[in-house]
Amino acid sequence: MKEPSPRPVEAPSGQPHEADRLREILHAPGYLVILVYSALIGIPVSLIAFWFLVGLHELQNVFWSDLPHRLGWDTPPWWWPLPLLLIAGLIVGLIAGRLTGGGGHIPAGGLHAGATHPDALPGVVLAAAASLPLGAVLGPEAPLVALGGGLALLFRDLTRTPATPQTTALLGAAGAAAAIAAIFGNPLIAAVLLIELSGIGGPQLFAVMLPALLSSGIGALVFTGFGHWTGLETGSLNLTLPTPLPRLDPADVLWTVPIALVLAVLLNPVLEAGRRVAAFVSARVLPRTVLCALGTAACAAVYALATGRTPADVALSGQTTLGELAADPQAWGIGALIAVLLLKTIAYALCLGSMRGGAIFPAVFLGAAAGVVLAPLPGLGAVPAMAAGMAAAAAAVMRLPVSSVVLVVLLMGSSAMIPLAILAAVISFATTELLPAGTAHPPAPLAAQSADTDGRPEAAGAS
């Protein structure tokens, strides 16, 4: 007698097994169309992200290198940040109060993976161009995420692809991944970052990540090739470390624990201060944005006066300075390192609540600088200390431990520091989550950041 065929295994809830659900998603005609569209969208999004980053990089060189040299200074004078950040504060304040989307999300609110409606893109681009090259202590990753997601929806609308919640979520993630891969120079970190930002599990996670991974991979090919062909630079984040990297010893591992704990405890109030600054600025956007910008400039000016170094060490994202610090940590005196940690942290908190950009780059720099300060501890080396500091700081700020580890490993260019990065990121993340929650919450932008199922932001509020 023939035995009956076994029935498909079902989950306890009566729903099909996870693998069957994933298979159904992959076989759906609409999803396959989205995969193809994601592969195609990676090309224009990566090219636009490339020129966006080139523009920011060239503007930064003009304002902080070319102009001072033409005026007869080897480095910018101490007062240099004051007029630049005054202009930045005025422009960002006007954009935040008058343009759709408010110039993008407030950095103190964390990185968001939600799609940005195309109507908000002009404000995002203008606010980033005013903030980042002129001295805001923020990075380009948040504007890139908004730009990539918004461009994906713009191309969707141009091709008359149906606007559904699924296409908005999937194409927004794909566009954001293609753009963010540009600044980190690697599609892997873009995919991992979007995995953690999405916060979705099960088959839905794979449904979101396949378009994002495909788009960022193709985008990285286009981006890398285009950079070689043109010879232009975007200022991607990478470090040149002394080689070969040292081998880890027990002292490195033991010191990683207190380093991660201390950075998590110290950075938590910085984020809380950023949220309070955002609440302060929201009451009177233009004048208080200018006030915070001038406060940032004052931090950079005081640092330059006290140390004799360039005010750019405190101003800007820290991307260029991080490379210099990693290449020659001994070039910095202990006084300059402590000064840059203190004053850049204050400037960082001010920019988190008032300007437009991302929170990752300055946090990574602060973690690296803290590592160099602590490197003379018995048995601790400079490279392990920097790896632990960067991983701990990134995890405390981003609240994305896996992305923090991948980012540090990619920056170090070696897997030698993976154990320290994992240990530091996990301890920092757990400590940050266990600390008391702050009472201040960053307000939504004057033009709300969130989008409905069609990806359209709410109307702007009054300034």
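Here, the structure is the one placed above.
Okay, so let's go over this structure. (Residues numbered from 1 in each chain as written. Predicted model: local features only at pLDDT ≥ 70, side-chain atom pairs only at ≥ 80, totals over all residues. Heavy atoms only, no water.)

**Section: the side chain of Ser404**
Argument step 1. With respect to the element layout, Ser404 can be found in helix 15 (residues 401-412).
Argument step 2. Once residues lying within four places of it in the same chain are set aside, the contact partners of Ser404 are Ala391, Ala394, Ala395, Met398 and Ala425. (Helix = DSSP H or I, 4+ residues; strand = E, 2+ residues; numbered from the N terminus. Contact = heavy atoms within 4.5 Å.)

**A closer look at helix 10 (residues 285-307)**
Argument step 1. Between its first and last C-alpha atoms helix 10 spans 33 Å; for 23 residues at 1.5 Å apiece the expected length is 33 Å, and the two agree.
Argument step 2. Buried residues of helix 10: Val285, Thr289, Val290, Cys292, Ala293, Thr296, Ala297, Cys299, Ala300, Ala301, Tyr303 and Ala304, and no others.
Argument step 3. Looking at the buried side of helix 10, the elements it contacts are helix 3 (81-98), helix 9 (250-283) and helix 12 (334-354).
Argument step 4. Positive backbone phi, approximately 75 degrees, marks Gly308, located one or two places after helix 10. (Expected span 1.5 Å × (residues − 1). Buried < 20%, exposed > 50% of the residue type's maximum accessible area, 1.4 Å probe, protein only.)

**Regarding the environment of Leu47**
Argument step 1. If you trace the backbone, Leu47 turns up in helix 2 (residues 29-70).
Argument step 2. Judged by relative accessible area, which is 26%, Leu47 ranks as partly exposed.
Argument step 3. In sequence terms Leu47 and Ala182 are 135 residues apart; their C-alpha atoms lie 9.2 Å from each other.

**Quick word on the packing of aromatic side chains**
Argument step 1. Scanning the entire structure with this criterion turns up 4 aromatic pairs.
Argument step 2. Pairing Trp73 with Trp80 gives two aromatic rings, centres 6.1 Å apart and planes at 70 degrees, and the pair type is edge-to-face.
Argument step 3. A residue is classified by how much of its surface remains accessible, and Trp73, at 33% relative accessible area, is partly exposed.
Argument step 4. Ring centres of Trp79 and Trp80 lie 5.6 Å apart, and the angle between their planes is 50 degrees; on these two criteria the pair is classed as tilted.
Argument step 5. Classification of Trp80 as buried rests on a relative accessible area of 8%.
Argument step 6. Among the aromatic residues, those joined into a ring-pair cluster are Trp73, Trp79 and Trp80.
Argument step 7. Above the plane of the ring of Phe365 lies Lys344, whose end atom (NZ or CZ) is 5.3 Å from the centre. (Phe/Tyr/Trp six-rings, centres within 6.5 Å; stacked < 30°, edge-to-face > 60°. Lys NZ or Arg CZ within 6 Å of the ring centre and 35° of its normal.)

**Points about the packing of helix 9 against helix 16 (residues 418-434)**
Argument step 1. Relative orientation of the contacting elements helix 9 and helix 16 amounts to 35 degrees, with a least axis distance of 8 Å. The two elements helix 9 and helix 16 meet at a crossing, and its hand is right-handed. When helix 9 is examined against helix 16, the residues Asp252, Val253, Thr256, Val257, Ala260, Leu261, Ala264, Val265 and Asn268 are found in contact with a partner set consisting of Leu420, Leu423, Ala424, Ile427, Ser428, Thr431 and Thr432.
Argument step 2. Residue composition of the contact of helix 9 with helix 16, grouped by class: 10 nonpolar, 5 polar and 1 charged. (Axes fitted to C-alpha atoms, helices over the stretch in contact; angles between N-to-C directions. Left-handed = near helix turned anticlockwise from the far one by under 90°. Nonpolar A, V, L, I, M, F, W, Y, C, P; charged D, E, K, R; others polar.)

**With respect to the pattern of salt bridges**
Argument step 1. Applying the stated criterion across every chain yields a total of 5 salt bridges.
Argument step 2. Across the salt bridge formed by Arg156 and Asp157, the nearest N and O atoms sit 3.2 Å from each other.
Argument step 3. The shortest N-O distance in the salt bridge between Arg276 and Glu272 comes to 3.3 Å. On the criterion of helical spacing, the pair formed by Arg276 and Glu272 is a turn pair, its members being 4 residues apart in helix 9.
Argument step 4. In the salt-bridge network here, residues are joined through shared partners; they are Glu272, Arg275 and Arg276. (Salt bridge = Lys/Arg side-chain N within 4 Å of Asp/Glu carboxyl O.)

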